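Architecture and fold: a report
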Amino acid sequence: SLSRDAVASFLLGVLFASTAFALRCRWLDTRSDSTCDGDSAAESPVEETRSAAKSQRSVELRRRRPRSERSERSLRSSASVKSLASSPAALDRQHSPPTAQRSSGRRSALGSELGEESCRRTPEVQRLAMHVVDVVLEELGMRRSSLKTICLNQHSAKTVTRLQFVNILSDLCKASASLELLDPDQTEPLIAAYEWLATRCFANKNRDVPVHYKHIFRRLILEHILYQLVTNQGVTLRTLFQKMDKGQYGFVTTERLRQVFGQLGISDQEISALMEFVDAPRGTIRYRDLFEMTHETGASELWNSFSSKFPEETDESAPKTIRAVVCITRHGARFPLKPFPEDIHWPVKSEFWKTYGGKLTPVGVIQHEDLGKTMRRKYLEEEGLLDPQDPDIGKYVHVFTSNSDRCLMSGQAFLQGMFPDVPFSFCSDDQKIQHELTGIVMRVQCDKDYTPVLHGFKHNPRYDFLKKKVFSSATEYDEWAKQPKMELLVEKLWKMTGFLKLSPLGNDNIKRLQCLTSVKQQIDIERAHKLPILHNSHDLCLDSREEKLIQKVTEFTFRYRYTGRSEEDQKELSRLATGLLPQAVVTKLDAATKDSRAGKGHFTLFSAHDNTLMALLAHMGFRDYPIPYFAAALCFELHWCHRTEQFFVRTRYSADPREQPLDLPEDRKQHVKSFQLPRTSGTPWHLRDEGEMLYSEFKRILMEERKSFCSHEEWQLAAQAEEEAPEGTRQPAEDDLDDDVGDEVFNGDAVVGTATPKHRRRPTSGSGHSDSVLTGTLPV
C-alpha cells in the first residue's frame, strides 16, 4: 500500500508541476499581449494609423505573390533563419562558397555598438544578414516604392537615419512569416545582423546623418544579388562580365545582362530592381560602367568579402598595412640548349633544338602559374594589396621581362595565376603609350643590346675583367683537382654525358671541374620533368654522394662570380653585375610612398634569370645565399605603420618554391621569414637578421652604402673601365666562365663535341640565352 501511495503522490506532483508550468506560460503570453496593447494605446492616433497601414501593406504585398511560391519560400526561409540563428557552425557549413575555403585577412567593420563578441562572429552575422535582406525584399515586393511609402508613413521623409533603418528592418522581419518560428531567446544574432546591414548601408557616413531611401534600396538589392552570385556560382565581377561578353567586344547589351543574370538564378523582379540603377543610354554597358555602378555602393568590397571566409577574430586596430610589392623571379623549367651526346632523353635532330632549345616547357608554365596563385593568396586575399576587379588595375601593376621566350612566357603564366580574370597586353620597354592599353601591360626588353636593369653582367668589360681575375686566384679548384674522388667523378660524368669540355683530352681537371655547372643544370631540368637524371647509353647512374659533390663545386662557381675572394671583391663584382636593378626597385617603392590613394597598392614584377637574382643577393650583402631554383622569387614589401607613421620594408626570398612557398603561415616550419639587409657585405646567410627595417634605412644601405648606380650613363662609364690582366696570371677557362652565348662550351656545336671557330659563332638571339646554373651563363 505504501508503494501505491508513493506512486500516486509522484504522479500528482508531476501533474501539478505541468499544470503550473502551462499556466505560467499562458500568463506570460497574456502579459506580453497586454503590454503591447498598452504601448499601442499610448501611441498617438497618427501612429495607430501608420501601424494599421503598414500591416495592411504587408498583407497586400504577400497577396500579390502566388500562394504556392509564398508558402514554399516562407517555409524555406523560416527553417533556414531558425537553424542559422541557433547554429552558427551549421550556417558556415551551409553557405560557405566554393571559393571561400581559405582564410583571408580582409576585415569588415561591424559598428562599435555590436561589441567584441559580435565582431568575432562576423561570418555568421554576415550570412544571417543576407537572409534578413531576403526577407525584407520579399516584404517590399522588390519594389523601391514600397520602401518609400514606409519612410513617408513612419518618418514623414524620404530619408532615414541609421537607427530608423534598423527599426524598419526589425518591423519588416516581425511582419514576415519567415521569422515566426524563431525562438525569442535567439534574437541576439538577428539584432547583430540588423546592425551589420546598417553598417553596410551607412558606410562612411555619420550614424545621425539621414540617407535617401533609394541608396538603401540599391544597397539591399546589390547585397542580395551579389551574395547569390558568389555563394551559388562562385563568380567575380570580371568573370561575370566575361561570361556576358563572350565575343570580347568590350561591352554588353542590357538584354544580354538580363539573360545572363536570369541564367544565374536571379529573378526577374530582382533584375528589374537592379536595372533601375544601370546607366545605359545607348543600351550598352562597359565593364567600367558595371564596376563604377557597383563600386559606388561598396559592392567591390562585397565581392571580396563574400568570396572569402572571414577569420574568426578581426583586428581593426592593426597598425601596419601593405602599400607595394616588388617581385623578381627566375623563369620556370625549360628545355636544354642542346642535349649531351650520350643523353638519350632528348631528340638528336638539330631542327628540334633550333626551335625549342632553351624555351619554356609546360612544366615551367605550371610552376609560374602556381607562383602567381601563391602571390594572389598572400598579397591580394590576405594582405588586400589590390582590388583585382578595378578596371584601372593596369595603372598599379607593372611587369618587366627579359627578351627571351622563357622569361616572357613565365611572366604570362605568373599573371594568369595572380590575376586570372584580368587581360594583359604587350609593349616594348621604351615604348611611349599614346592611349590606354587594356588590362596589365607587359613591357618586354626589345633592344639589340642588353639593358643594365636585368643584365648588368652583360656587355660589361670591367666586370668580365674582375671576374677572370678572382677566378684566377681561386685555390679551391686546385684542391679539388687533387682529390681522387673528384677525378673519378669527372671521368664518370664524361662517360655519362659525352660533354666535350669534360673530355680528358686537352682539358686539365681544373677546367673540367669548372664545367660541371652544365651538368648540374641538366640534372635540374631532367628532375623537374620527372626524368631519370643523365640517362645514358652506357647505363651508368649517379648516386646521392656523387650529386652532393657536383652541388658543392657548382654552387661555389655560381656564387664566386659575384662574391669573389674578399668583401671588396664582392662589393665591386656585384655592383657592376646587378646594374640598375637596385635603382629600379627603389624607384617603384618611392612611387608607392608618394601615392595618397587610400586602400590601393602597387605590384611590380621583374621576370628574369638566376644570374639576375644571384647578382642582386650578393649586392645586398649576402655571401652564401641559396641558389635560385626554377620559379624562385625575391620580394620587397613596403608597409606603412600607423602608430609610428613611417614606412618599413620586409624582404622575403623563396629560393625553391617546392620547399618554401611564400604563403605558408608563420606556425609552419617552412615559413619564409622576412629579413633585413646586412650592414656589411660578406654576411653569411645563416647570420642574417630576421624581421623588418625602416624604408629610409633600407634605401640608404642599398643605394648609398652599396654605391648602386643611379643612371644608365653612370653604369656604362663604370662598365667600360677595362683593365689588362696581369701577365703570368692563370686565367680560368674563358668558355666556362664567360656569359657569352657564342662560347663553344655552351652552344650546340660544343655540346655535341664539335668546337665552333670564333668567326662562325652564331649571333645572340632571344631564344639562345644560357642560365648560369645550367651552363654558368646568362645571356639575356
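Since the structure is predicted, the reported quantities are computational estimates derived from the model, not experimental observations.

The number of helices and strands found in the protein is 32 helices and twelve strands. Residues counted as buried form 52% of the 780 residues belonging to the protein. Long-range pairs, those at least 24 residues apart, make up 75% of the contacts in the protein between residues at least 6 apart in sequence. Accessible area for the protein stands at about 36,100 Å²; split by element, carbon and sulfur atoms hold 51% of it.

By the element assignment, Gln570 lies in helix α25 (residues 567-578). Taking relative accessible area as the criterion, Gln570 reaches 0% and is therefore assigned buried. Apart from the residues within four sequence positions on either side, Gln570 is in contact with Tyr562, Thr563, Arg575, Ala618, Gly621, Phe622, Arg623, Ser681 and Gly682.

This paragraph deals with α25. Spanning twelve residues, α25 covers 16 Å between terminal C-alpha atoms, matching the ideal 16 Å at 1.5 Å per step. For α25, every residue scored as buried is listed here: Gln570, Leu573, Ser574, Arg575, Leu576, Ala577 and Thr578. Trailing α25 by a residue or two, Gly579 shows a phi angle of about 60°, which is positive.

Where helix α23 (residues 516-528) contacts helix α24 (residues 544-563), the axes come no closer than 9 Å and their chain directions differ by 115°. The handedness of the crossing between α23 and α24 is left-handed. The residues of α24 that touch α23, namely those facing Leu516, Thr517, Val519, Lys520, Ile523 and Arg527, are Glu547, Ile550, Gln551, Val553, Thr554, Thr557 and Phe558. Here the residues of the contact of α23 with α24 sort into six nonpolar, four polar and three charged.

Our next topic: the packing of aromatic side chains. As enumerated under the stated definition, the model contains 25 aromatic pairs in all. With 6.0 Å between their ring centres and 15° between their planes, Phe414 and Phe603 make a pair best called stacked. With a gap of 189 residues between them, Phe414 in helix α18 (residues 405-418) and Phe603 in strand β9 (residues 602-608) connect regions that are remote in the sequence. When its relative accessible area of 0% is taken as the criterion, Phe603 is described as buried. Each member of the aromatic cluster is reached from another via a ring pair, and the members are Phe335, Trp346, Phe352, Trp353 and Tyr356. Directly above the aromatic system of Tyr625 lies the positively charged group of Arg559, at a separation of 5.9 Å from the ring centroid. Here the basic side chain of Arg658 rests over the ring of Tyr629, its NZ or CZ set 3.8 Å away from the ring centre.

Looking now at the nonpolar core. Core analysis: the largest hydrophobic core is formed by 81 residues, its most contacted members being Leu493 and Met620. Among all residues touching Met620, those that are not within four sequence positions of it are Leu634, Phe636, Thr651, Phe675, Leu677, Pro678, Leu702 and Arg706. In this structure, Val132, Val211, Tyr227 and Val252 belong to the second largest nonpolar core, which totals 60 residues.

This part is about the packing of α24 against α25. At a minimum axis separation of 6 Å, α24 and α25 run at an interaxial angle of 90°. One element, α24, and the other, α25, form an angle in the roughly perpendicular class. Contact residues: Tyr560, Arg561, Tyr562 and Thr563 in α24; Asp569, Gln570, Leu573, Ser574 and Ala577 in α25. Across the contact of α24 with α25, the residue classes break down as four nonpolar, three polar and two charged.

Attention now moves to the side chain of Lys492. For Lys492, the position within the fold is in helix α21 (residues 484-497). Within polar-contact distance, the side chain of Lys492 engages the side chain of Glu546 at 3.0 Å. In contact with Lys492, other than residues within four places in its own chain, are Leu540, Cys541, Leu542 and Glu546.

Turning next to the confidence of the model for the protein. Of all residues in the protein, 69% attain a pLDDT of 70 or more, and the chain-wide mean is 74. In the predicted structure, residues 305-319 sits below a pLDDT of 50 and forms 49 contacts with residues beyond four places in sequence or in another chain. In this model residues 725-780 is a low-confidence stretch, pLDDT under 50, and it forms 184 contacts with partners more than four residues away in sequence or in other chains.

A grouping of Phe10, Leu11 and Val14 is seen on the molecular surface, where their side chains present a nonpolar patch of about 320 Å² in accessible area. Position of Phe10 among the secondary structure elements: in helix α1 (residues 2-42).

Its place among the elements puts Glu568 in helix α25. Sequence separation between Glu568 and Ser681 is 113 residues, and the spatial gap between their C-alpha atoms is 8.3 Å.

With that out of the way, let us pick up unusual backbone geometry. Located in the positive-phi region is Ala631, a residue other than glycine, with phi close to 65°. As for its placement among the helices and strands, Ala631 is situated in the loop between α27 (610-620) and β10 (633-641). Of note in the backbone geometry, Glu645 takes a positive phi value of approximately 55° without being a glycine. Note that Glu645 resides in the loop between β10 and β11 (646-654).

Further remarks concern the environment of Leu580. Mapped onto the elements of the fold, Leu580 is located in the loop between α25 and α26 (581-593). Judged by relative accessible area, which is 12%, Leu580 ranks as buried. Ignoring sequence-local partners within four residues, the contact set of Leu580 consists of Pro452, Val453, Phe709, Cys710, Ser711 and His712.

Attention now moves to the environment of Leu516. Considering the arrangement of structural elements, one finds Leu516 in helix α23. A C-alpha to C-alpha distance of 9.2 Å links Leu516 and Lys501, two positions 15 residues apart in sequence. Apart from residues no more than four positions distant in its own chain, Leu516 is found in contact with Leu493, Leu502, Ile550, Val553 and Thr554.

It is worth spelling out the pairing of β9 at this point. Across the seven residues of β9, seven count as buried, placing the element largely inside the fold. Pairing analysis gives five bridges linking strand β6 (residues 397-401) to β9, with the strands arranged parallel. Counted as the bridge partner of His398 is Thr604 from β9.

What follows is about the pairing of strand β8 (residues 440-444). The side chains of a regular strand alternate, residue by residue, between the two faces of the sheet. In terms of burial, β8 is a largely internal element, four of the five residues being buried. Here β6 runs beside β8; their pairing, made up of three bridges, is parallel. Each residue of the ladder has a partner; that of Thr401, found in β8, is Val444. Note that strand β7 (residues 424-428) and β8 share five bridges and pair parallel. Note that in β8 the partner of Ser425 across the bridge is Val441.

Let us now look at the pattern of salt bridges. Counted by the stated rule, this structure contains 18 salt bridges. When the shortest N-O distance is used, the salt bridge between Arg330 and Asp610 registers 4.0 Å. Of this pair, Arg330 sits in strand β5 (residues 320-330) while Asp610 is found in helix α27, placing the two residues 280 residues apart along the sequence. Judged by relative accessible area, Arg330 falls into the buried class, the value being 1%. Between Glu690 and Lys673 there is a salt bridge, with the nearest N and O atoms lying 3.9 Å from each other. One end of the pair, Glu690, is in the loop between β11 and β12 (693-694); the other, Lys673, is in the loop between β11 and β12, with 17 residues separating them in the sequence. The exposure class of Glu690 is partly exposed, given its relative accessible area of 46%. A single network of salt bridges, built from pairs that share partners, joins Arg679, Glu697, Arg700 and Glu705.

Here is what the cut-offs are and how they apply
In every chain, residue numbers begin from 1 and rise along the written sequence. Where totals are concerned, whole chains, interfaces and linings use all residues; where local detail is concerned, this predicted model gives features only for residues with pLDDT of at least 70, and gives and counts side-chain atom pairs only at 80 or more. Working from all heavy atoms in the structure, the side-chain values ignore hydrogens and water. Strands here mean DSSP runs of E at least two residues long; helices mean DSSP runs of H or I at least four residues long; both are numbered from the N terminus. Relative accessible area decides the class of each residue, using a 1.4 Å probe on protein chains only: under 20% of the type maximum gives buried, over 50% gives exposed, and in between gives partly exposed. The contact definition used throughout considers only heavy atoms, calling two residues in contact when any of these lie within 4.5 Å. Per-residue accessibility takes into account occlusion by the displayed protein chains alone, with areas from the Shrake-Rupley method and a 1.4 Å probe. For a helix, the expected span equals 1.5 Å multiplied by the residue count minus one. Helix axes use the C-alpha atoms of the stretch in contact, all axes being lines fitted to C-alpha atoms, and the angles between their N-to-C directions lie in the range 0 to 180 degrees. Less than a right angle of anticlockwise turn of the near helix away from the far helix marks a crossing as left-handed, whereas a clockwise turn marks it as right-handed. Charged means Asp, Glu, Lys or Arg here, nonpolar means Ala, Val, Leu, Ile, Met, Phe, Trp, Tyr, Cys or Pro, and polar covers whatever is left, Gly included. Ring geometry is summarised as follows: Phe, Tyr and Trp rings, the Trp one being its six-membered ring, pair when their centres sit within 6.5 Å, and such pairs are stacked at plane angles under 30 degrees, edge-to-face over 60 and tilted between the two. By definition here, charges over rings are those cases where NZ of Lys or CZ of Arg is within 6 Å of the ring centre and within 35 degrees of the ring normal. Think of a nonpolar core as a cluster: buried Ala, Val, Leu, Ile, Met, Phe, Trp, Tyr and Cys residues, connected wherever their side-chain atoms sit within 4.5 Å. We call two directions roughly parallel when the angle between them is under 35 degrees, roughly antiparallel when it is over 145, roughly perpendicular when it lies between 65 and 115, and oblique otherwise. In protein, a polar contact means a hydrogen-donor-capable atom and an acceptor-capable atom, both N or O and within 3.5 Å, with residues adjacent in sequence counting only if both atoms are side-chain atoms; elsewhere, any N or O pair within 3.5 Å suffices. In predicted models, pLDDT denotes the confidence assigned by the predictor to each residue on a 0 to 100 scale. Each patch is built from residues lacking any salt bridge and having more than 30% relative accessible area; the joining distance is 9 Å for like charges and 5 Å for nonpolar side chains (Val, Leu, Ile, Met, Phe, Trp, Tyr). We count a salt bridge whenever a side-chain nitrogen from Lys or Arg sits within 4 Å of a carboxyl oxygen from Asp or Glu. Pairing between strands requires that DSSP locate at least two bridges from one strand to the other.

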